[in-house]
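Residue-level structural notes
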Amino acid sequence: MKRYNSKNQVFILSVISVVFLIAASGCRKEVDDQLFLEISHGGGRTVLQKELEGIDFKFCLLDDEGDSTTVINENENFTLSFSFKNNNSDTIIVTTGFINDDFYRIFKSDDNQDMEKPWTGVWCDYSGYPREIKLAPFSYKSFNCPWVLTESSLPEYPLCMGESRPYLPKGEYYTRVKLGFRFTINKEEYFIDNTVLRINFLVN
């Protein structure tokens with residue numbers, strides 16, 4: 001039987017380790033490339049949903065009846081709804097830095113015209129300073145915000161609206177949430193990025 005000396009064994013193990021790391025890197029890159037999630041009006045789906053690191057993310061538009069939709073009637077209000085659920089068995093602590101200047105911002109599809117965003121501040125002090133949200137196991141937190149501010153349509157804490165937007169005119173639009181999502185479990189920090197949730201919708 002042919003025997004390998006210790007130097008040969010170390011060399012073989014090193015080659016195997018390098019090959020494994022390259023393969024793993026390739027797989028990771030492929031996963032990252034898939035983290036652009038999108039739905040279009042008329043496509044049947046009305047909710048974007050994805051679980052990452054034990055966090056179940058959900059993004060959609062809600063009509064006046066509270067139903068998810070990608071088609072809004074002219075002069076009809078709608079609500080942008082982003083939420084996440086803690087599917088971990090431990091409490092998580094989330095910082096709200098993901099609520100950046102582009103959060104819930106709406107653009108026209110044909111020329112990318114910025115239609116602005118509905119909310120004007122976070123934590124009602126208009127500073128946008130990141131603060132923490134504690135979320136118990138299997139509970140969720142939503143960040144609903146109407147496009148038009150009315151007595152019956154108010155933003156969900158910690159979002160604030162100091163003014164109201166006009167109704168969107170007829171046309172095709174899109175909005176998106178770019179995740180820069182930080183949270184800790186038992187003092188261990190996790191960071192979810194390179195993830196975009198985009199909704200294409202129609203004002204009819």
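Our structure is the block above this text.
Notes on the structure in this doc start here. Note on numbering: residues in each chain are counted from 1, in written sequence order. Predicted model: local features are reported for residues with pLDDT of at least 70 only, side-chain atom pairs are reported and counted for 80 or more only, and whole-chain, interface and lining totals are derived from all residues. Calculation of side-chain values draws on the structure's entire complement of heavy atoms; hydrogens and water are dropped beforehand.

Attention shifts here to the overall build of the protein chain. Along the protein chain, the regular secondary structure elements total one helix and 15 strands. Out of the 204 residues belonging to the protein chain, those deemed buried represent 40%. Contact definition: two residues touch when any of their heavy atoms are within 4.5 Å. Here the contacts in the protein chain between residues at least 6 apart in sequence split such that 65% fall between residues at least 24 apart. Of the roughly 12000 Å² that the protein chain leaves accessible, carbon and sulfur atoms contribute 49%. Segments assigned H or I by DSSP are reported as helices when at least four residues long, segments assigned E as strands when at least two residues long, and all are numbered from the N terminus. Each residue's exposure class comes from its accessible area (1.4 Å probe, protein chains only) as a fraction of the maximum for that residue type: buried when under 20%, exposed when over 50%, partly exposed otherwise. In short, Shrake-Rupley with a 1.4 Å probe defines the accessible areas, and a residue's cover is counted only from the protein chains shown.

To continue, consider empty space enclosed by the protein. Cavity means a closed set of points on a 1 Å grid over the protein atoms alone, one where a 1.4 Å probe fits but cannot get out, pocket means an open set with protein on both sides within 12 Å along at least 5 of 7 lines, and lining means a residue has an atom within 4 Å of a point. Grid points are joined across faces, edges and corners, and a volume is the space filled by probe spheres set on the points. What the rule picks out here adds up to one cavity of 30 Å³ or more. When its volume is computed, the largest cavity comes out at roughly 40 Å³. Lining the largest cavity are Ile72, Asn73, Glu74, Asn75, Glu76, Phe78, Tyr167, Leu168 and Val203. Residue composition of the lining of the largest cavity, by class: five nonpolar, two polar and two charged. Ten residues, namely Ala, Val, Leu, Ile, Met, Phe, Trp, Tyr, Cys and Pro, are considered nonpolar, four, namely Asp, Glu, Lys and Arg, are considered charged, and the remaining ones, Gly among them, are considered polar.

Once that is clear, we can look at the side chain of Ser153. Mapped onto the secondary structure, Ser153 falls in the loop between β12 (145-146) and β13 (159-160). Sequence-distant contacts of Ser153, that is, excluding residues within four places in its chain, are made with Asn77, Pro146 and Val148.

Core analysis: the largest hydrophobic core is formed by 45 residues, its most contacted members being Phe82, Phe84, Phe103, Tyr104 and Phe143. At the level of secondary structure, the elements contributing two or more residues to this core comprise β1 (36-39), β2 (47-52), β3 (55-62), β6 (79-86), β7 (92-95), β10 (132-135), β14 (171-185) and β15 (188-203). Ranked by residues supplied to this core, first place goes to β14 with six residues. Throughout this description, the term nonpolar core refers to a set of buried Ala, Val, Leu, Ile, Met, Phe, Trp, Tyr and Cys residues connected via side-chain atoms within 4.5 Å.

Now for the packing of aromatic side chains. Note on aromatic pairs: the rings of Phe, Tyr and Trp (six-membered ring only in Trp) are paired at centre separations within 6.5 Å, and the planes decide the class, stacked below 30 degrees, edge-to-face beyond 60, tilted for the rest. Across all of its chains, the model carries 22 aromatic pairs by this definition. Here Phe57 and Phe84 contribute two aromatic rings whose centre-to-centre distance is 6.4 Å and whose plane-to-plane angle is 55°, an arrangement assigned as tilted. Of this pair, Phe57 sits in strand β3 while Phe84 sits in strand β6, and the two are 27 residues apart along the sequence. Since its relative accessible area comes to 1%, Phe57 is described here as buried. Its relative accessible area of 1% is what places Phe84 among the buried residues. Among the aromatic residues, those joined into a cluster by ring pairs are Phe57, Phe59, Phe82, Phe84, Phe98, Phe103, Tyr104, Phe143, Phe181, Phe183 and Tyr190. Arg182 extends its terminal NZ or CZ atom over the ring of Phe191, reaching a point 4.0 Å from the ring centre. By the criterion adopted, a ring carries a charge over it if an Arg CZ or a Lys NZ lies within 6 Å of its centre and within 35 degrees of its normal.

Attention now goes to the environment of Leu202. Here Leu202 shows up in strand β15. Sequence separation between Leu202 and Pro169 is 33 residues; the distance between their C-alpha atoms is 9.9 Å. Residues within four places of Leu202 in sequence aside, it is in contact with His41, Thr70, Val71, Ile72, Gly171 and Glu172.

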